[in-house]
Amino acid sequence: MNVYIPILTLAGLAALFACFSVTMATFTGPKRYNRAKYDAYECGIEPTPQPVGGGKFPVKYYLTAMMFIIFDIEIVFLYPWAVYFDSLGLFGFLAMLLFLVNLTIPYVYEWRRGGLDWD
Amino acid sequence: MSILTAAQAVLPMSDGAPAENVEPITATITAAQAGGAFPLMWLLFALPAVGAAVLLIVGRRSDRWGYLLACALPIGSFILACILLAQMMALPEADRQVTLELWNWTFAGSFDAAFALRLDPLSISFVMLITGVGSLIHIYSIGYMAEDPKRRLFFAYLNLFVAAMLLLVLADNYLLVYVGWEGVGLASYLLVGFWQYKDSAAVAAKKAFVMNRVGDVGLSLAIMLMFLTFGTVTFSDVFEAAPEASETTLTIIGLLLLLAAVGKSAQFPLQAWLLDAMEGPTPVSALIHAATMVTAGVYLVVRSNAIFDLSTTAISVVLAIGVITMTMGAWIACAQDEIKKSLAGSTMSQIGYMFLGAGLGPAGYVFAIFHLLMHGMFKADLFLSAGSVMHGNDDQKNMRLYGGLRVAMKVTMVAFFCGFLGISGLPPFDSWFSKDGIIDAALGVNVFAGLVALGVAGMTAFYMTRMLAMTFFGSPRWAEDQHPHESPPVMTVPMLILSIGALFGGLFFVYVAPIGEWLAPVTGYEESTPVIPEIPLKLTSLAIAIIGIALGWRKYATKDVPRVAPTNVTILTTAGRHELYGNAFNESLFMRPGQYLTRWLVWFDNRSLDGLVRGIATGIGDLGGKLRLWETGYARSYALSMLGGALLLGVVVATARWF
Amino acid sequence: MTPSAPVAFPDIQWLQLAPIIVVLGAAAIEVLVEAFAPRTSRRSIQIGLTFAALIVAFAIIVINAGTFQLVVAGSAAVDGPALFLQGAVVLTALLVALLMMERKVDPSGDAFAARASAMPGSEDERQFTARGYLQTEIWPLFLFCTGGMMLFLSANDLLLMFIGLEIMSLPLYLLAGMARRRRLLSQEAAMKYFLLGAFSSAFFLYGAALIYGFAGTVSFGGIADAVVGQSQMSGLLLGGIVLLCVGMFFKVAAVPFHEWAPDVYQGSPTPVTAYMAAGVKVAAFGAFLRLMYVAFGGEAWEWRPAFWVVAILTFFVGAMIGLAQSDIKRMLAYSSIAHAGFLLLGVMAVTPDSLSASMFYLLTYAIATVGAFGIVMLIRDDSGETTSLDAWRGLGRTHPLLATAFTIFLLSFAGIPLTAGFIGKFTLFASSAAAGEGWLVLLAVIASAIAAFFYLRVVVIMFFSDPVGSGPSVATPSWATQTTIVVALIVTVVLGLFPQAVLNIADHADVFVR
């Protein structure tokens, strides 16, 4: 049970902080509205108005997002590998090298095909 | 001189039964050992098969000479069959079983289905019938189909049929029988629907095909069961191993084989397709739906006698089906007004006799085949004559619109009359020997069946007289523009040749070449003693035939036949006109449930799961309604089906564990 | 945390793994080709690489014949069934690749969209098509899919099996949406396939988690040991088996997990449909057989009832709904569903004989399927392939050879003697009956008789009905499609007449390593 105490503590603190900041904001924050504030929040994507029946939809944002996930996962693997680098030895090094090469291939593909150009 | 001896002097008494103590065939010799023409027996079916292939592949370019080739090849087979028959007769009785292995199809270690042929007295009898009658009908078709633009195709299919039918009877194992079985089914389908621009023909072809498939499933299941039980499907091995199998297994195999036979031979309860099959050209009706293919069921039962002998249940069912169909067929034949349909009812009835014979066991096999051969000749003769009548009357089929044709179509009338003599059981013509053989044997084994057979013999005489009288006698009832004329010699000569067979076939096979002794080594034979002494029995059967003829003559020849079928008839006639409601029976038993099941499944697959989603969604109200908005397209119902399936599996596994 | 001794370099059986490595490696190279090669030369490079990789992989599979060992620390198996079915997959892939490179039947290019990203019906799409662009990414996707199949059926633990499953499936989801004609239908198919595929993967993973909870291991051998040591069946184990099976039933399109198949088969580009019907079936059944035989074979009596239900539903629903179809691709989809039902007999029997019979069945079915779809590609009208059965009316009169070839494939599907399909059905049913499932075989025979109807219906339509209008319009294919059809035809006929050699190979390969 002991091992879970720090995690539970952390979770509790996080919840407290979230509740606290949201509550405080409603009481203390200034309330000046403008047009942007009434827009839907899309975490960075341009909120293009859609014609009825569908229309063109910019995919650039999603391309970048997918690239992000790929490298995110790479980090998930790299991090423990780096911690245990010594005990994994040459095999670990070669395996990770292969993994990186494999990740690079689609990266190169996307780069060459213009997936990284915003415009 | 007592009256009995007098009768004996007048009426030929022998019925072709073999002498006592038949020795079964013991040795199997290969074609190579037998020498002579035996190694060439594959040509029997290969010749017509080549004909079909050439005509189909070469196509229109063979329009001018194709039909001649198609006629020549079955004749070639017939000549070869004659040579083989002569050779076989020269062999000692115990050696008359020659096999020829063309190619051994083995796999999976245990599976062994040789492409092997077997020639024994039973199969050569069939080969003679198929090639002989087949050749005559090919020749007849030259005239009958002369005007048809697709004559080449017709001959190609006809050759295909002959090849498949020969393969069926020559096969040395059940699997090869199955190949031939499907082949004749296909050819029959093609030929019944040959005039497919007529809706009725297309529907009839489909119906025949479907009902045959019901039987075919029986054959394929029987073959599989044999393979599982005996590990082989070769005739001799199966028959050898049969006594060791349990009676239940043998009964199931027997009943499955019977199902196949019933489908192919249009016996109760799968009889309804035969009357519709009369939509095909008449030579087809004569060859396939009278002389050969429809008798394949009898062949199958007699060939499998080793199995049926060991299962009293299976053989009793054969007997029962024979009795039922024999009566039904005759009943239908008495009521139908179309000449071919009446003949088709007669065919059903006569095959019923054969089933009855086969259902008697060893006492009757010989007579079943004897009657089959006789029937092949007189019924082909009758059909060809009927075709000739139609040919001369603008394809008019309704007998009520014939009448008095004896003047215009003399040769045809002679041929039809010979067929009439052959079927109606008058001495000394075909049925007098073969049908009475069955009746005699039946009276010794099952008195009830024997008495019914006697009664139906009277009906046979009645409906044949009815046909004869309505067609050739009485006053003319034709339409104004109908000019009855005799058919060309290319049609009448085959008819007359068959007439000779219809008249003297019985005498020949009893006195010249005793068919019983010929077949008994294959089928086995047991003497059965009828409950009625022989002479009175013969006299009774003769009397019944004469009564039937007299009744028919009185009703249809001496009185005017109305041109439109009267409606104030007994319920028996109405039922007969409706083919004893066989169609309604089949529709309610097979077709509708199948259709409903398919429709229901389709409906279920397309809609109901979606509906289920909706039902649940409205059921749980607003929340469900909102949840539905998240779902896209129909994928939701598919996913729901998967979820339901997963739950179902869980329930099944949990339940199975419980037990 | 103190570092322990370095992990030893594990013994990796390179030669045994080589077929998979070659295929996946070539796929990776093809991605680079896409990145660097000029557009005009891409297609020929990709095709060359694809065929080279497949041929080399097949050669190595042949060299490896007789191998019987676990590789990569027990997570994959190279044994008789794996090699036989990998061989079947690679052969299928070769035939499908020939269909994919066909450019003659469609005047505007191959079977795939000029640019899959262009919106259907848009001006962009029209221009890409007019310029003759080709989407060459299909080739690396195809090879990834093939490699995934090979991995899938030789995986010996649940994790690797799942990875194989996904490597196989993901490229297929994409390929399904790339049809040149009827693009909306194609994209809808891809979407459905993806959504439902993901759904089924979730089942599979959940099952794997439950099994891990039960056995404490994901390796099949370990699971089998845990299962045998068990006196009381655990709910975890049964639940896990059921969920894993749901995932597999989806992939093989067994009822009631089949509904995606007709929609997806209909919408996908025909070469891809052929690959789904043939390759995926082989791979998924290969993996399914291994899973049920090796990991859960000791408990067959526990899960068999579920298989009874699914198998009976599958072959009857497949056969009966197939009867009502008027679209040839949907009909073949229901045909493949019915075949999945028959193959389930082999999965549940758990005997060496049924294993070898199933493998033979898969091979014959896959080859005939590719051949049949190869012919489907050729029947066209102005808007591309026309899959309505009406378009096949009178094909036997106008194109007798083609119609005969199609008939032979259909006869093989129907299991008519002297075709490979008959041998497959026969050996499968016989082995299943020998395993004590006689009653089920009886039902299967009835179902196959019903199924024979809808195959024969097409034969009848082709040969005995009058053509509509000016008759079916049939494109003349290039040598590639012709080769596929002819090879498939030869295999179907030869395996029907002289099956023993291949049956022997299957019989020698009838044991899973564990």
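Residues numbered from 1 in each chain as written. Chains lettered and ligands numbered in written order. Predicted model: local features only at pLDDT ≥ 70, side-chain atom pairs only at ≥ 80, totals over all residues.

**Q** So what exactly am I meant to see when it comes to the overall build of chain A here?
**A** Secondary structure summary: chain A contains four helices and zero strands in total. N-terminal to C-terminal, the α/β element order of chain A is α-α-α-α. In chain A, which comprises 119 residues, the share counted as buried stands at 0%. (Helix = DSSP H or I, 4+ residues; strand = E, 2+ residues; numbered from the N terminus. Buried ≥ 20, exposed ≤ 12 C-beta atoms within 10 Å, placed from the backbone.)

**Q** Before we go on, may I ask you to explain the overall build of chain B in this structure?
**A** Within chain B one finds 27 helices and three strands. In chain B, the share of contacts with a sequence separation of at least 24, taken over all contacts with a separation of at least 6, comes to 82%. (Contact = placed C-beta atoms within 7 Å.)

**Q** I'm lost on the arrangement of the chains in this one. Help?
**A** Here two pairs of chains are in contact, and chains B and C lead that list by number of contacts. Separated in space, chain A and chain B share no contact, their closest pair of C-alpha atoms being 15 Å apart.

**Q** I would appreciate a short explanation of the interface of chain C and chain B in the present structure.
**A** When the parts of a complex come together, some accessible area is lost, and that lost area is often used as the size of the interface. With 39 residues of chain C at the contact, the number on the chain B side is 33 residues. Those elements giving two or more residues to the side of chain C that touches chain B turn out to be helix H7 (183-215), helix H9 (235-252), helix H12 (300-323), helix H17 (420-434), helix H18 (438-464) and helix H20 (500-508) of chain C. If you tally residues by element for the side of chain C that touches chain B, the top one is H12 of chain C, at nine residues. For the side of chain C that touches chain B, the per-class residue count stands at 33 nonpolar, three polar and three charged. (Nonpolar A, V, L, I, M, F, W, Y, C, P; charged D, E, K, R; others polar.)

**Q** Help me understand the packing of helix H27 (residues 635-658) of chain B against H9 of chain C in this model?
**A** Any two packed helices are characterised by the angle at which their axes cross and by the distance between the axes. Running from N to C, H27 of chain B and H9 of chain C cross one another at 140°; their axes reach a closest spacing of 10 Å. Our classification of the angle between H27 of chain B and H9 of chain C gives oblique. Between H27 of chain B and H9 of chain C lies a crossing whose hand is right-handed. For the pair formed by H27 of chain B and H9 of chain C, the contact residues are Met 642, Gly 645, Ala 646, Leu 649, Gly 650 and Val 653 of chain B on the first element and Leu 238, Val 242, Leu 243, Cys 245, Val 246 and Phe 250 of chain C on the second. (Axes fitted to C-alpha atoms, helices over the stretch in contact; angles between N-to-C directions. Parallel < 35°, antiparallel > 145°, perpendicular 65-115°, else oblique. Left-handed = near helix turned anticlockwise from the far one by under 90°.)

**Q** How should I be thinking about the packing of helix H8 (residues 199-230) of chain B against H18 of chain C in this particular structure?
**A** It is the contact of H8 of chain B with H18 of chain C, at a shortest axis distance of 11 Å, that shows an interaxial angle of 140°. Considering the angle they form, H8 of chain B stands oblique to H18 of chain C. For the pair H8 of chain B and H18 of chain C, the sense of crossing is right-handed. Counted together, Arg 213, Val 217, Ser 220, Leu 221 and Met 224 of chain B of H8 of chain B and Val 445, Ile 446 and Ala 449 of chain C of H18 of chain C form the full contact between these two elements.

**Q** Hey, could you run me through the sheet that holds strand E5 (residues 473-474) of chain C in this one?
**A** Paired through backbone hydrogen bonds, the strands of a sheet run either parallel or antiparallel to each other. Residues and elements named next belong to chain C. Spatially, the three strands line up as an open sheet ordered E4-E3-E5, and their pairing is antiparallel. Edge strands, defined here as strands with exactly one partner in the open sheet, are strand E4 (384-385) and E5. In this structure, strand E3 (residues 379-381) lies alongside E5, joined through two bridges in antiparallel fashion. In the sheet register, Ile 379 faces E5, and the bridge partner there is Val 474. (Pairing = 2+ DSSP bridges.)

**Q** Looking at this structure, how should I read the confidence of the model for chain A?
**A** Close inspection of predicted coordinates is inappropriate for parts of the model with low pLDDT. With 82% of its residues at a pLDDT of 70 or more, chain A has an overall mean of 82. When pLDDT is averaged over each element of chain A, helix H1 (residues 5-28) of chain A comes out on top at 93 and helix H2 (residues 35-38) of chain A at the bottom at 75. (pLDDT = per-residue confidence, 0-100.)

**Q** It is not clear to me how the nonpolar core should be interpreted in this structure. Could you clarify?
**A** Generally speaking, soluble globular proteins have nonpolar side chains that are buried together. Counting 445 residues, the largest nonpolar core has Phe 161, Leu 166, Val 318 and Ala 453 of chain B together with Val 246, Leu 345 and Leu 362 of chain C as the members making the most contacts within it. Of the residues forming this core, the biggest block, 19 residues, is contributed by helix H11 (residues 270-295) of chain C. Leaving out residues up to four positions away in the same chain, Val 318 of chain B has contacts with Leu 258, Val 301, Phe 308, Phe 355, Ala 358 and Gly 359 of chain B. (Core = buried A, V, L, I, M, F, W, Y, C linked by C-beta atoms within 7 Å.)

**Q** Just checking my understanding: could you explain the environment of Gly 66 of chain C for this structure?
**A** Here Gly 66 of chain C is to be found in the loop between helix H2 (39-63) and strand E1 (69-71). It is 6.6 Å that separates the C-alpha atoms of Gly 66 of chain C and Gly 80 of chain C, two residues lying 14 residues apart in sequence.

**Q** Mind showing me how you'd approach helix H7 (residues 174-192) of chain B here?
**A** Note: α-helices contain 3.6 residues per turn, so residues at a spacing of three or four share the same orientation. Over its 19 residues, H7 of chain B extends 26 Å from the first C-alpha to the last, a length consistent with the 27 Å expected when each residue adds 1.5 Å. Here H7 of chain B lies mainly inside the structure; 16 of its 19 residues are buried. (Expected span 1.5 Å × (residues − 1).)

**Q** What am I meant to see in the environment of Leu 167 of chain B here?
**A** All names here are of chain B. Locating Leu 167 in the fold gives a position in helix H6 (residues 151-170). For Leu 167, a count of 24 C-beta atoms within 10 Å translates into the label buried. Distance from Leu 167 to Phe 355, taken between C-alpha atoms, is 22 Å for residues 188 residues apart in sequence. Leave out the neighbours within four places in its chain, and Leu 167 touches Phe 45, Leu 176, Val 179, Gly 180 and Gly 183.

**Q** Any chance you could explain the confidence of the model for chain B here in plain terms?
**A** All names here are of chain B. Chain-level pLDDT for chain B is 81 on average; 87% of the residues reach the 70-or-more range. Low pLDDT, under 50, characterises residues 1-11; the predicted model gives this stretch nine contacts beyond four residues in sequence or across chains. Long-range and interchain partners of residues 607-633, a stretch whose pLDDT sits below 50, account for 18 contacts in this model, where long-range means more than four residues apart. Scored as a whole, the predicted complex attains pTM 0.74, and scored at its interfaces, ipTM 0.87.

**Q** When you look at unusual backbone geometry in this model, what are you seeing that I'm missing?
**A** Glycine aside, negative phi is the norm for most residues, and most peptide bonds take the trans geometry. That bond from Pro 427 of chain B to Pro 428 of chain B is cis: its omega, 0°, falls within 30 degrees of zero. If you trace the backbone, Pro 428 of chain B turns up in the loop between helix H18 (410-424) and helix H19 (430-445). The amide bond that connects Val 255 of chain C to the next residue, Pro 256 of chain C, takes the cis arrangement and shows omega of 5°. Looking at the secondary structure, you find Pro 256 of chain C in the loop between H9 and helix H10 (260-267). Look at Ala 73 of chain C: it is not a glycine, yet its phi comes out positive at around 55°. Residue position: Ala 73 of chain C is located in the loop between E1 and strand E2 (76-78). A count of 11 C-beta atoms within 10 Å places Ala 73 of chain C in the exposed class. We note that Arg 182 of chain C has phi near 45°; this positive angle belongs to a residue other than glycine. Along the polypeptide, Arg 182 of chain C turns up in the loop between helix H6 (158-176) and H7.

**Q** Explain helix H23 (residues 534-556) of chain B here, please?
**A** Here H23 of chain B contains 23 residues, and its C-alpha end-to-end distance of 33 Å stays within 8% of the 33 Å for a straight helix at 1.5 Å per residue. By the burial criterion, the buried members of H23 of chain B are Lys 538, Ser 541, Ile 544, Ala 545, Gly 548, Ile 549, Gly 552 and Tyr 556 of chain B.

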